[in-house]
Amino acid sequence: VITTQAAQRTDGDRLMPTLQAEKPLKPKLSPAERVDQIDWDRIAKELADGGSAVAKQLLAPEECEALSALYTQSGIFRSRVVMGRYAFGKGEYQYFSYPLPNIVAELRTAFYRHLAPVANSWNNRTFYPSEHADYLDTCHRAGQQRPTPLLLQYGDGDYCCLHQDLYGDLVFPLQVVILLAEPGRDFTGGEFLLVEQNPRGLSRAEVVPLRQGDAVAFAVNHRPARGKRGTARVKLRHGVSRLHSGHRHTLGIIFHDAK
Amino acid sequence: VKAEHIPSADAPDSEQFIARSSVSGDLDAYGAAVLPSLLSADQCHAIASSCADPTLRGTPPVADQRDLGAGIYRYFTYTMPELIAGLRSALYSHLAPIANAWNERMEFPERFPKALPQFLKMCRDAGQTLPTSMLMEYAAGEHSFLHRDFFGGLKFPLQVIVLLSQPGHDFVGGEFVLTEQRPRMQTRPEVVALNQGDAVILAVSNRPVTGTRGTYRVLSRHGFSKIREGRQRALCINFHDAAA
């Protein structure tokens, strides 16, 4: 299925060099095996250069639809947030309860294993262990015990303000969002945006083009930026622009737990 | 002005034009309003090719415009090309009533006359004589920082940007992004989808928003996201001039 999807890509996509680099992932692999197949050298470089990197077609359309359908299931979420109530935007999201659905747990563990070395190369004050279970132990001992992976649901006119997903003192500096709906077919508008502010106070907005099943890894709050006078910290926020029509679900995978 | 979608600048019904169209409502709801196909493809090509015009300045007239980011910026000087001058004058007439209503709601003192020449005289009297409208050109990998096109002193609260290239054909990426910083709230982002010849009307630096406890001012910034492939050109029309 994934291979067929790749063949249907439009000319517009072929123009984008950053997005054509990856070969279609083998469909028989488990989600975790597919995460292992990603070109992590490229991801690490793109994260260091621009604060985000995309792995195309990580999930198959049917996996995306199954995850989106979880939104209405009861008993698997610990809390629901209606963004309009807090001026966070418009739309809503729900945090999963432990135990996480298998595919979410598997993706979180697999992504962490590849992102921890990147995080360690960014931050020499904190050492992130190589296994997610060990990092979660640290979070839980520090009182950050509630799971942070979430499903987000946007309808016509919904958006999400620029923010950072911080839930306590312990922060794993990278996170992942997977788009579960197909732009153009399921929704219009609803662009994933990263805004980074450099030490001079100048902000840069970047629209990250995503299609159904694509995963974007990005910095939670800061990334190191190499400048003429050494390394500076660039502050990042992310959000979603207004949907002009349709429905859009995303899966958010955050690696630290919440207070 | 060959731009068919703008009624003549002398038309007495400019307030009605704005009221009739969705401009006023879109500005209030989203901080931006699109005028689809304001310029024809031929007009876009003509303006884009004037990038080579030797009368355009390669350096910004004011220091505030030096931090726009990578890209080539070419500033118009007086006398402006007929098409640009006509467009600026016609747009001004339609936007002045909105600008007056905005400033009243924001409790800003400036009020704007009906026609651009009168406003430019106000600018001159305030020592602001340098035009800040410009052509922008971005190559792959380039972007502009989120910024505000105001330069102190007298300012008109709205501006217009016209996309001169066709997304998907001339370039990929380069989305037009607005952010609105609100008091004690998170910043709201907006991506405005534009085709070649479409114009977006937006706030220069502030706009009024009516909340549950009255009207507050949001702080607006705008810029182009990274061009991923190709080359993008756009025209930025500012109504106020800058101090010499």
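Residue positions are counted from 1 within each chain, in the order its sequence is given. Note on labels: chains are lettered from A, ligands numbered from 1, in written order. Local features in this predicted model are restricted to residues whose pLDDT is 70 or higher, and side-chain atom pairs enter the listing and the counts only when it is 80 or higher, whereas totals over whole chains, interfaces and linings include all residues. Only hydrogens and water are removed before side-chain values are computed, so all heavy atoms of the structure are retained for them.

1. Description of the sheet that holds strand β2 (residues 77-82) of chain A
Residue and element names in this part refer to chain A.
And step 1. Paired strands, in this sense, are two strands between which DSSP finds at least two bridges. Runs of H or I in DSSP of at least four residues are treated as helices and runs of E of at least two as strands, each being numbered from the N terminus. In spatial order, the strands read β1-β11-β7-β15-β5-β4-β2; together these 7 strands make up an open sheet with antiparallel pairing. Taken across any chain shown, the strands that pair with only one partner, and hence form the sheet edges, are β1 (52-55) and β2. Each strand axis lies, on average, 20 degrees off the axis of its neighbour in the sheet, ignoring direction.
And step 2. The pairing of β2 with strand β4 (residues 92-96) spans 5 bridges and is classified as antiparallel. For helices, the fitted line uses only the C-alpha atoms of the stretch in contact; every axis is such a line through C-alpha atoms, and the angle between N-to-C directions lies from 0 to 180 degrees.

2. So, helix α4 (residues 82-106) of chain B
Residues and elements named next belong to chain B.
And step 1. Expected helix span is taken as 1.5 Å per residue step, with the number of steps being one fewer than the number of residues. Across its 25 residues, α4 extends 34 Å between first and last C-alpha, which sits within 8% of the 36 Å expected from 1.5 Å per residue.
And step 2. Think of it this way: the bend at a residue is just the angle between two axes, each fitted to seven residues, one set ending at that residue and the other starting at it. Maximum bend of α4: about 40 degrees, positioned at Leu 95, with proline Pro 97 one to four residues after it.
And step 3. After α4 finishes, the residue Glu 107 shows a positive phi value of roughly 60 degrees.

3. A word on empty space enclosed by the protein
By rolling a water-sized probe across the atoms, one finds the places where empty space is left.
Residues and elements named next belong to chain A.
And step 1. For cavity detection a 1 Å grid was placed over the protein atoms alone, and a set of points counts as a cavity when a 1.4 Å probe fits there but cannot get out; an open set counts as a pocket when protein lies on both sides within 12 Å along at least five of seven lines, with lining residues being those that have an atom within 4 Å of a point. Grid points are joined across faces, edges and corners, and a volume is the space filled by probe spheres set on the points. According to the stated counting rule, one finds 3 cavities of 30 Å³ or more in the structure shown.
And step 2. In terms of lining residues, the largest cavity is bounded by Gly 50, Leu 194, Val 195, Glu 196, Arg 204, Glu 206 and Leu 236.
And step 3. Secondary-structure elements contributing two or more residues to the lining of the largest cavity are β9 (192-197) and β10 (203-208).
And step 4. Sorting elements by how many residues they give to the lining of the largest cavity places β9 first, with 3 residues.
And step 5. Asp, Glu, Lys and Arg are counted as charged, while Ala, Val, Leu, Ile, Met, Phe, Trp, Tyr, Cys and Pro are counted as nonpolar; the rest, among them Gly, fall into the polar class. Of the residues assigned to the lining of the largest cavity, the class counts are 3 nonpolar, 1 polar and 3 charged.

4. A short note on the confidence of the model for chain B
Residue and element names in this part refer to chain B.
And step 1. Confidence scores labelled pLDDT are given residue by residue by the predictor and lie between 0 and 100. Considering every residue of chain B, the mean pLDDT works out to 88; 90% of them sit at 70 or more.
And step 2. Of the regions scoring below 50 in pLDDT, residues 1-5 engages in 11 contacts with residues more than four places distant in sequence or in other chains.
And step 3. Contact criterion: two residues are considered in contact whenever any of their non-hydrogen atoms come within 4.5 Å of each other. Note on residues 7-15: pLDDT under 50 across the span, and 12 contacts to partners over four residues away in sequence or across chains.

5. Points about the pairing of strand β11 (residues 214-224) of chain B
Residues and elements named next belong to chain B.
And step 1. The pairing of strand β7 (residues 176-181) with β11 spans 6 bridges and is antiparallel. If you follow Leu 178 over to β11, its bridge partner there is His 222.
And step 2. In the sheet, strand β10 (residues 206-211) pairs with β11 via 6 bridges, with the strands oriented antiparallel. Opposite Pro 208, over in β11, you have Arg 217 as the bridge partner.
And step 3. Hairpin connection of β10 to β11: 2 residues between the antiparallel strands.

6. So, the nonpolar core
And step 1. Nonpolar core, defined: a set of buried Ala, Val, Leu, Ile, Met, Phe, Trp, Tyr and Cys residues in which side-chain atoms within 4.5 Å join the residues together. Exposure is judged per residue with a 1.4 Å probe applied to protein chains only, and the accessible area is read against the type maximum: over 50% gives exposed, under 20% gives buried, and values in between give partly exposed. One finds Phe111(A), Phe172(A), Ile178(A) and Leu251(A) to be the most contacted residues of the largest nonpolar core, which totals 70 residues.
And step 2. It is helix α7 (residues 102-122) of chain A that provides the largest number of residues to this core, a total of 10 residues.
And step 3. Discounting residues that sit within four places of it in the chain, Ile178(A) has contacts with Leu58(A), Leu59(A), Leu107(A), Gly213(A), Asp214(A), Ala215(A), His249(A), Thr250(A), Leu251(A) and Ile253(A).
And step 4. With 42 residues, the next largest nonpolar core counts Phe112(B), Leu120(B), Ala199(B) and Ile237(B) among its residues.

7. Some thoughts on the sheet that holds β10(B)
All names here are of chain B.
And step 1. Spatially, β8-β7-β11-β10 is the arrangement adopted by the 4 strands of the open sheet, whose pairing is antiparallel. Both outer strands of the open sheet, β8 (188-192) and β10, are each paired with one neighbouring strand and no more. Going across the sheet, the axis of each strand differs from the next one's by a mean of 30 degrees, ignoring polarity.
And step 2. Here helix α2 (residues 23-30) sits on the sheet in contact with β7, β8 and β10, set at roughly 80 degrees to β10.
And step 3. Contacting β10 and β11, α4 crosses the sheet at an angle of about 65 degrees to β10.

8. Focus: unusual backbone geometry
And step 1. Following Tyr98(A), the chain continues into Pro99(A) via a peptide bond in cis, with omega recorded as -10 degrees.
And step 2. Among the secondary structure elements, Pro99(A) is positioned in the loop between β4 and α7.
And step 3. Looking along the chain, the bond that leaves Tyr78(B) and enters Thr79(B) is cis, with omega of 5 degrees.
And step 4. Inspection of the secondary structure assignment puts Thr79(B) in the loop between β2 (72-75) and α4.
And step 5. Phi at Gln57(A) takes a positive value of approximately 50 degrees, unusual for a residue other than glycine.
And step 6. By relative accessible area, Gln57(A) is classed as buried at 9%.

9. Points about the interface of chain B and chain A
And step 1. Taken together, the 22 residues of chain B in the interface contact 30 residues of chain A.
And step 2. When two parts are put together, the accessible area they lose, computed with a 1.4 Å probe and summed over both, is reported as buried area. Note on chain B versus chain A: buried area summed over both sides is about 2,400 Å², and carbon and sulfur give 60% of it.
And step 3. It is Gln186(B), Pro189(B) and Arg228(B) that lose the most area in chain B upon contact with chain A, and together they represent 26% of the buried surface on that side.
And step 4. For salt bridges, the criterion is a side-chain nitrogen of Lys or Arg within 4 Å of an Asp or Glu carboxyl oxygen. Where chain B touches chain A, the interface holds 3 salt bridges.
And step 5. For the purposes of these results, a polar contact is taken to be a pair of N or O atoms within 3.5 Å, where, inside protein, one atom must be able to donate a hydrogen and its partner to accept one; residues adjacent in sequence count only when each atom of the pair is a side-chain atom. At the junction of chain B and chain A, the tally comes to 8 residue pairs in polar contact (both at pLDDT 80 or more).
And step 6. Contributing elements (two or more residues each) for the side of chain B that touches chain A: β7, β8 and β12 (227-237) of chain B.

10. As for helix α3 (residues 41-49) of chain B
Residue and element names in this part refer to chain B.
And step 1. Of all the residues in α3, the buried ones are Gln 43, Cys 44, Ile 47 and Ala 48. Along the axis of α3, the buried residues cluster in a sector spanning 130 degrees; they form a single face. Seen from the buried face of α3, the exposed residues on the opposite side, beyond 90 degrees, are Asp 42 and Ser 49.
And step 2. If you follow the buried residues of α3, they end up packed against α4, β4 (134-139), β5 (158-163) and β12. Each C-beta atom gives one direction from the helix axis, and the arc is the one those directions make.

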